[in-house]
Amino acid sequence: MPLIQISQTPGLTAEQKRAAIAAVTKAYAEATGKNASKVWVTITDVPRENWGVGGEPLG
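Residues numbered from 1 in each chain as written. Predicted model: local features only at pLDDT ≥ 70, side-chain atom pairs only at ≥ 80, totals over all residues. Heavy atoms only, no water.

**Some details on the UniProt feature "domain: 4-oxalocrotonate tautomerase-like" (unreviewed entry) in the chain**
To keep it simple, the criterion reads: UniProt positions are given in the numbering used here, feature names are shortened, and annotations may be inferred rather than shown by experiment. Helix and strand assignments come from DSSP, with helices taken as H or I runs of at least 4 residues and strands as E runs of at least 2, each series counted from the N terminus.
Residues annotated in UniProt with the feature "domain: 4-oxalocrotonate tautomerase-like" (unreviewed entry) correspond here to residues 2–58. Measuring from the first to the last C-alpha atom of residues 2–58 gives 30 Å, for a span that is 33% helix and 28% strand.

Below you can see the structure in the form of structure tokens.
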């Protein structure tokens, strides 16, 4: 069972998350030939203060 994990800053609506999960699942299944019903996707909202880019905090 493939597991795709997405970490992001908060802000997407539930509808946007559903759309992202569907799109990621479809793309992975098409690229790998795996059965889409076996692909798991998680979305984790991480507060901006817990992110850093280029050595600098976002929050």
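What follows picks up the thread again.
**As for the side chain of Gln-8**
Under the convention used in this document: Summary of the burial criterion: residues with accessible area below 20% of their type's maximum are buried, those above 50% are exposed, and those between are partly exposed, where the area comes from a 1.4 Å probe applied to protein chains only. Contacts are assigned to residue pairs that have any heavy atoms within 4.5 Å of one another.
By the element assignment, Gln-8 lies in strand 1 (residues 3–8). By relative accessible area, which is 15% here, Gln-8 ends up buried. If near-sequence neighbours (up to four positions away) are discounted, Gln-8 is found in contact with Lys-17, Ile-43, Thr-44, Asp-45, Val-46 and Trp-51.

**Some details on the UniProt feature "active site" (unreviewed entry) in the chain**
Here, UniProt's "active site" (unreviewed entry) annotation points to Pro-2. Here Pro-2 is to be found in the segment before strand 1. Residue Pro-2 is classed as buried on the basis of its relative accessible area, which comes to 16%. Beyond its immediate chain neighbours, meaning those up to four positions away, Pro-2 contacts Tyr-28, Lys-34, Lys-38, Val-39 and Trp-40.

**Describing the pairing of strand 2 (residues 40–45)**
Selection criterion: DSSP bridges decide pairing: two strands pair if at least two such bridges lie between them. Here the term right-handed applies to a crossover when the path leading from its first strand over the helix to its second strand runs clockwise, the strands being oriented away from the viewer.
With 6 bridges connecting them, strand 1 and strand 2 associate as parallel partners. Paired with Ser-7 across the bridge in strand 2 is Thr-44. As for the winding sense of the linkage, the β-α-β connection from strand 1 through helix 1 (residues 14–32) to strand 2 is right-handed.

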